Amino acid sequence: MKTQVRQTDLELIQGDITKADVDAIVNAANSQLIGGGGVDGAIRRAGGDQIEQACAEIRKREGGCPTGKAVITIGGNLPAKYVIHTAGPVWAGGDSGESELLASCYQSSLRLAVENSVQSVAFPSISTGIYGYPTEKAAVVALTAIEEFVKQDSAAPAIIQFILFDDATYTGYADALSSVFGK
Ligand code: ADP
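Everything numeric here is computed off the predicted structure, so don't read it as measured data.

Asks: Looking at this structure, I do not really get the side chain of N30. What am I missing?
Replies: Locating N30 in the fold gives a position in the loop between β3 (24-29) and α1 (38-47). Separated by 2.7 Å, the side chain of N30 and the backbone oxygen of I34 make a polar contact. Those residues in contact with N30 that lie beyond four places of it in its chain are G36, D40, A87 and Y131.

Asks: Just to check I follow, could you spell out the packing of helix α4 (residues 135-152) against helix α5 (residues 167-181) for this structure?
Replies: The angle between the axes and the distance between the axes are what describe a pair of packed helices. At their nearest, the axes of α4 and α5 sit 8 Å apart, and the two run at 50° to each other. As the angle between them shows, α4 and α5 are arranged oblique. Here α4 and α5 pass one another in a crossing that is right-handed. Residues T135, E136, A138, A139, V140, A142, L143, T144 and E147 of α4 form the contact with α5, whose own contacting residues are T169, G172, Y173, D175, A176, L177, S179, V180 and F181. The residue inventory of the contact of α4 with α5, partitioned by class, reads 10 nonpolar, five polar and three charged.

Asks: How should I be thinking about the pairing of strand β2 (residues 8-14) in this particular structure?
Replies: The two faces of a sheet get side chains in turn, since along a regular strand they alternate between them. Across four bridges, strand β1 (residues 2-5) lies against β2 in antiparallel orientation. Note on β2: the bridge partner recorded for K2 is E11. For β2 and strand β7 (residues 159-164), the ladder comprises six bridges, and the chain directions are parallel. Residue pairing across strands places Q14 opposite L164, the latter belonging to β7.

Asks: Help me understand the pattern of salt bridges, please; the structure alone is not making it clear to me.
Replies: Summed over all chains, the structure comprises seven salt bridges. D40 is the salt-bridge partner of R44, the closest N and O atoms lying 3.0 Å from each other. Of the two residues, R44 and D40 both sit in helix α1, four residues apart, roughly one turn of that helix. For D40, a relative accessible area of 3% translates into the label buried. Its salt-bridge partner being K151, residue E147 comes within 3.0 Å of it at the nearest N-O pair. Of the two residues, E147 and K151 are both situated in helix α4; the distance of four residues between them amounts to about one turn of the helix.

Asks: I would appreciate a short explanation of the site of the ligand in the present structure.
Replies: Residues in close proximity to the ligand total 17 residues, the closest being D16, V39, S127, G129 and I130. A distance of 2.9 Å separates an oxygen atom of the ligand from a polar backbone atom of S127. A distance of 2.8 Å separates an oxygen atom of the ligand from a polar atom in the backbone of G129. Protein burial of the ligand: of its 570 Å² of free accessible surface, 90% is covered by the chains. Considering each element in turn, the shell around the ligand owes the most residues, three residues, to α1.

Cut-offs and rules
- Residues numbered from 1 in each chain as written.
- Predicted model: local features only at pLDDT ≥ 70, side-chain atom pairs only at ≥ 80, totals over all residues.
- Heavy atoms only, no water.
- Helix = DSSP H or I, 4+ residues; strand = E, 2+ residues; numbered from the N terminus.
- Polar contact = N/O pair within 3.5 Å; in protein donor to acceptor, adjacent residues only side chain to side chain.
- Contact = heavy atoms within 4.5 Å.
- Axes fitted to C-alpha atoms, helices over the stretch in contact; angles between N-to-C directions.
- Parallel < 35°, antiparallel > 145°, perpendicular 65-115°, else oblique.
- Left-handed = near helix turned anticlockwise from the far one by under 90°.
- Nonpolar A, V, L, I, M, F, W, Y, C, P; charged D, E, K, R; others polar.
- Pairing = 2+ DSSP bridges.
- Salt bridge = Lys/Arg side-chain N within 4 Å of Asp/Glu carboxyl O.
- Buried < 20%, exposed > 50% of the residue type's maximum accessible area, 1.4 Å probe, protein only.
- Near = heavy atom within 4 Å.
- Areas by Shrake-Rupley, 256 points an atom, 1.4 Å probe, with all protein chains shown as cover.

The structure is reproduced here in structure tokens:
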């Protein structure tokens, strides 16, 4: 499924983000930048030691990555040149600033992408796995945040993909795409 926002192609794809042939993939990391399960574990396994070494340097220098912010490392053995690590919010019922923090993850990641001349970027569904954010709510926040960014920044990547691992997540994003973009 696909739509266009200004000059950017926004695509929903079902698959494995570690295989994405894009300039940068985004990792649903944690604020300590310490290897976890889910997509983080998959990216670190596929990318190899260079990613952990780069994360260790950031931990030493900056202490990690606050929730809603993003940091960038090399992609190691991945097809992608860069990994943008962002720490999503843990779902706590919706009244603890989760939607603002989640929107900030997407916007901070895209800002780093622009600063590094990234032309194509792939996101997973941040926070909807171990962190428990309801998928459809997260999808609406994610797509709205991306739409706002692209409308405000003329240097936004030409291709923005969501690579969604399972059927239910893909369906949640497809429904959200229809409601946010009216298609
Ligand atoms: P969080 O801790 O932010 O909730 P998770 O890694 O637990 O992050 O889950 C985020 C999403 O990533 C979930 O939808 C999960 O199914 C998905 N996921 C897991 N492995 C991969 C992968 N290799 N490629 C793309 N998405 C993945």
